[in-house]
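# Structure at a glance
Given next are the chains, with one letter for each unit.
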Amino acid sequence: MPGITIEFTEEELAELRAEAKEQGVAIKKLAHDILTEDVVRRRQKQRFVEGASKYAREIMADFDERFPAGLR
């Protein structure tokens, strides 16, 4: 399986080890889960915002037609 190498300070690595121990998982799994969850969450949010913005633009013309600026 492809992989990457990430460098940490001794303090960062100690914190990761402590967290992995608390969760009862290997540090490798902890790091994988943290990275993938963050990326997936960010990308889902980005897609949601893009979709909502597109929808808002699509209905804005109809809204403006039904509710002219003078009547708002």
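Above: the structure in question.
Residues numbered from 1 in each chain as written. Predicted model: local features only at pLDDT ≥ 70, side-chain atom pairs only at ≥ 80, totals over all residues. Heavy atoms only, no water.

## Remarks on the pattern of salt bridges
A pair can form between side chains of opposite charge whenever their charged atoms are brought close. Across all of its chains, the model carries 2 salt bridges by this definition. For the salt bridge of Lys29 with Asp33, the shortest nitrogen-to-oxygen distance reads 2.7 Å. With Lys29 and Asp33 both in helix H2 (residues 27–66) and 4 residues apart, the pair spans about one turn of that helix. Here Asp62 makes a salt bridge to Arg66, at a shortest N to O gap of 3.0 Å. Separated by 4 residues within a single helix, Asp62 and Arg66 lie in helix H2, roughly one turn from each other. For Arg66, a relative accessible area of 59% puts it in the exposed group. (Salt bridge = Lys/Arg side-chain N within 4 Å of Asp/Glu carboxyl O. Helix = DSSP H or I, 4+ residues; strand = E, 2+ residues; numbered from the N terminus. Buried < 20%, exposed > 50% of the residue type's maximum accessible area, 1.4 Å probe, protein only.)

## Thoughts on H2
Between its terminal C-alpha atoms H2 stretches 58 Å, which fits the 58 Å expected from 40 residues at 1.5 Å a residue. The largest bend in H2 is about 35°, located at Ile59. (Expected span 1.5 Å × (residues − 1). Bend = angle between axes of the 7 residues up to and from the residue.)

## Things to note about the packing of aromatic side chains
Considering all chains together, one arrives at 1 aromatic pair under this definition. Note on Phe63 and Phe67: the rings are 5.0 Å apart at their centroids and 40° apart in plane angle, and the pair reads as tilted. For Phe63, a relative accessible area of 36% gives the class partly exposed. (Phe/Tyr/Trp six-rings, centres within 6.5 Å; stacked < 30°, edge-to-face > 60°.)

## Considerations on the environment of Ala26
Positionally, Ala26 belongs in the loop between helix H1 (10–23) and H2. For the pair formed by Ala26 and Leu16, sequence separation is 10 residues and the distance between their alpha carbons is 9.9 Å.

## A word on a nonpolar patch on the surface
On the surface, a nonpolar cluster with roughly 390 Å² of combined accessible area is contributed by Ile4, Ile6, Phe8 and Leu35. Relative to the assigned elements, Phe8 resides in the segment before H1. What makes Phe8 partly exposed here is its relative accessible area of 39%. (Patch = residues over 30% accessible without salt bridge, like charges linked within 9 Å, V, L, I, M, F, W, Y side chains within 5 Å. Areas by Shrake-Rupley, 256 points an atom, 1.4 Å probe, with all protein chains shown as cover.)

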